[in-house]
Amino acid sequence: MTHAPSLSEDSSEDRPDRTPEPEPDGGSDRVRPSRNQLYKTLWRWHFYAGLLVTPLLVLLAVTGAIYLFKPAYENWVYKDLRTVHAAQSAKPVPLAEQVDAVRKAKPEATIQSVTPPSDREHSTMVTLAADGGGPWAPTVSVYVNPYDGKVLGSVDNAKTFMQNVRELHGNLLSGDVGDRLMELTASWAAILTFTGLYLWWRARARRGRTGRRGLRRWHATIGAAVSVLLLLLIATGLPWTGIWGQQLQKVITATKQGTPSAEDYKVSSKVPITADHLTSNPDTSVPWAAEKVQVPTSNTGHGHEGHEGHAGHTGGQGGSGAAPGSLSIERAVALAHHAHVPGTFTVTLPQGPKGVYTISGKSEADPAQQRTVFLDQYSGKVLASYGWPQYGLLSKLVEEGIALHQGERFGLPNLLVALGTCLAVIGMAVSGVVMWWRRRPTGGHAPRRDFHAADPDAGLAGDPPARSAAPLLRLTTRRGGEHAPTERRVLPAPSGGERRLWGHLHGLVSLEVYGHMRNQTTNPEKLFREELAQLIQTLGIPRRR
């Protein structure tokens, strides 16, 4: 509903604007009412959704933009631990000796996994299960020089800067409650995007490039430009959430679009664990598509029955928790290469006599290179092997989405696009707050208006509630019972109480009663006139005879 009172508008764009959101033109008289009603309804949804989620949405964008640089940041911060310098003739010591060095340095800890160096310039990472760590990564990473077996240092993964950024991004450092809030924020962000697209489409021809209208045009244009990218970030981030992610896993399982069923291989344990329980460190975990794969068990035909579930420290060559007679880590790594596990991979050690070696190779740049292999810790037999060919369609889409979400799928261009989307979200949130601030009701700071006393109805023909306010305008332009001269006259600045009354009359009644309550009353103009009469009576203003 266009608000057009017979007042000379101040040309300044800096003052607060109390006019309602203009409606876009278009359509015939027969079609326009329903279209405009839809426009107003979606505008209100967009406005209230923005008020609801803007703070958390900005937090999501800021933490997401920071987390894009996690690999580069941690390689720089932990450069002394992750890189080594050795002569070309130097040969690495066996992995078992490197693990023993860690065990001596941390005798109280349980060794979870070993990540061999990807090249001659990187150290070996041994991951320990640490008690009392954070909910996402309660582990400690110990780095070992592969050429002399010396421990270089350790990092508590639950206390790193990027881990705190990840927890803020995922759960507000508040566990399940924060996870649900961030999931709601992402869902409302999708509603903001769809409603914003409709508002931009309806008002795309509107002019105005400066001041509040120019800011609104910028807000809408940027939002429309990044809408597809924003929806893609939302869709690819939801699989990590509690409710939506769990439901997606159920759909994938029900439609057999994940990895092959556990029935395809023998599982002797009564309550088989899934691969996501092997380690809680996101840097050494299995790919998302393999998280719900049931872990097989090793053949305990070597006299180890009755020792299931023990993760002791007196294991065999395999390392902590492995039973006597198990394969060495070097042998497990060789079998991983034979199984075509690509790039840098992690070897999760067996925990107990029935445990298995789990080799997880993740490649965020190319999810098609991922592979998860389970090895019998005694014979080295491949009990299960999962990779891209075994993933279902939905699992492939999720893995591709994760790589895009983290800015790694297409290298630097992917990172810059994701970063630009995060910055655009921040800019739209800030501009939305600024627009609201400029148009907010400000009580005692209403500007002075010019009244044309000769014709108070002028300019009000298109606004029935405003036209109904003409008697009040006539009353306020009378002096001592006489009509004011017909020339243009500026009234004295009204008091704060009068401004509040006028704001209530022309804002609340005109907008809410006439505009928003059209479906609740059959005669809004009559209701408006009754409200006006009660207001005049309350003020004690004599009626013109």
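Being a predicted model, the structure only gives us computed values, none of them experimental.

(A) Fine view of helix α5 (residues 161-171). Those residues of α5 lying buried are M162, Q163, V165, R166, E167, G170 and N171. Of the residues trailing α5, L172 is marked for its positive phi of about 55°.

(B) Structural context of empty space enclosed by the protein. Per the counting criterion, the structure on display carries three cavities of 30 Å³ or more. Space inside the largest cavity adds up to approximately 610 Å³. As for the largest cavity, its lining consists of 28 residues, and the residues nearest its centre are L60, H169, L233, G237 and H405. Where the lining of the largest cavity is concerned, the elements lending two or more residues are α1 (32-67), α5, α6 (175-202), α7 (211-237) and α11 (411-439). Of the residues belonging to the lining of the largest cavity, the class tally is 17 nonpolar, eight polar and three charged.

(C) Quick look at the nonpolar core. Ranked by size, the top nonpolar core spans 26 residues in total, and within it L128, I329, Y357 and I359 carry the most contacts. Counting residues per element, this core draws most heavily on helix α9 (residues 329-338), which supplies five residues. Judged by nonpolar contacts, the second largest core, of 21 residues, contains A186, L415, A418 and V425.

(D) Examining the packing of aromatic side chains more closely. Tallying each qualifying case throughout the model produces eight aromatic pairs. Seen from their ring centres, F47 and Y48 are 5.3 Å apart, and the 65° between their planes marks the pair as edge-to-face. Looking at F47, the relative accessible area reads 25%, which means it is partly exposed. Judged by relative accessible area, Y48 falls into the exposed class, the value being 51%. Site record: aromatic cluster; members linked through ring pairs are W43, F47 and Y48.

(E) Focus on a nonpolar patch on the surface. The grouping of Y48, L51, V433, W436 and W437 at the surface amounts to a nonpolar patch, some 540 Å² of accessible area in total. If one sorts the elements of the nonpolar patch by residue count, α11 sits on top with three residues. Summarising the element assignment, V433 is placed in helix α11. Given the relative accessible area of 42%, V433 is considered partly exposed.

Reading guide: rules and limits
Residues numbered from 1 in each chain as written. Predicted model: local features only at pLDDT ≥ 70, side-chain atom pairs only at ≥ 80, totals over all residues. Heavy atoms only, no water. Buried < 20%, exposed > 50% of the residue type's maximum accessible area, 1.4 Å probe, protein only. Helix = DSSP H or I, 4+ residues; strand = E, 2+ residues; numbered from the N terminus. 1 Å grid on protein atoms, 1.4 Å probe; cavity = no way out; pocket = protein on both sides within 12 Å on 5 of 7 lines; lining within 4 Å. Points joined across faces, edges and corners; volume = space filled by probe spheres on them. Nonpolar A, V, L, I, M, F, W, Y, C, P; charged D, E, K, R; others polar. Core = buried A, V, L, I, M, F, W, Y, C linked by side-chain atoms within 4.5 Å. Phe/Tyr/Trp six-rings, centres within 6.5 Å; stacked < 30°, edge-to-face > 60°. Patch = residues over 30% accessible without salt bridge, like charges linked within 9 Å, V, L, I, M, F, W, Y side chains within 5 Å. Areas by Shrake-Rupley, 256 points an atom, 1.4 Å probe, with all protein chains shown as cover. Salt bridge = Lys/Arg side-chain N within 4 Å of Asp/Glu carboxyl O.

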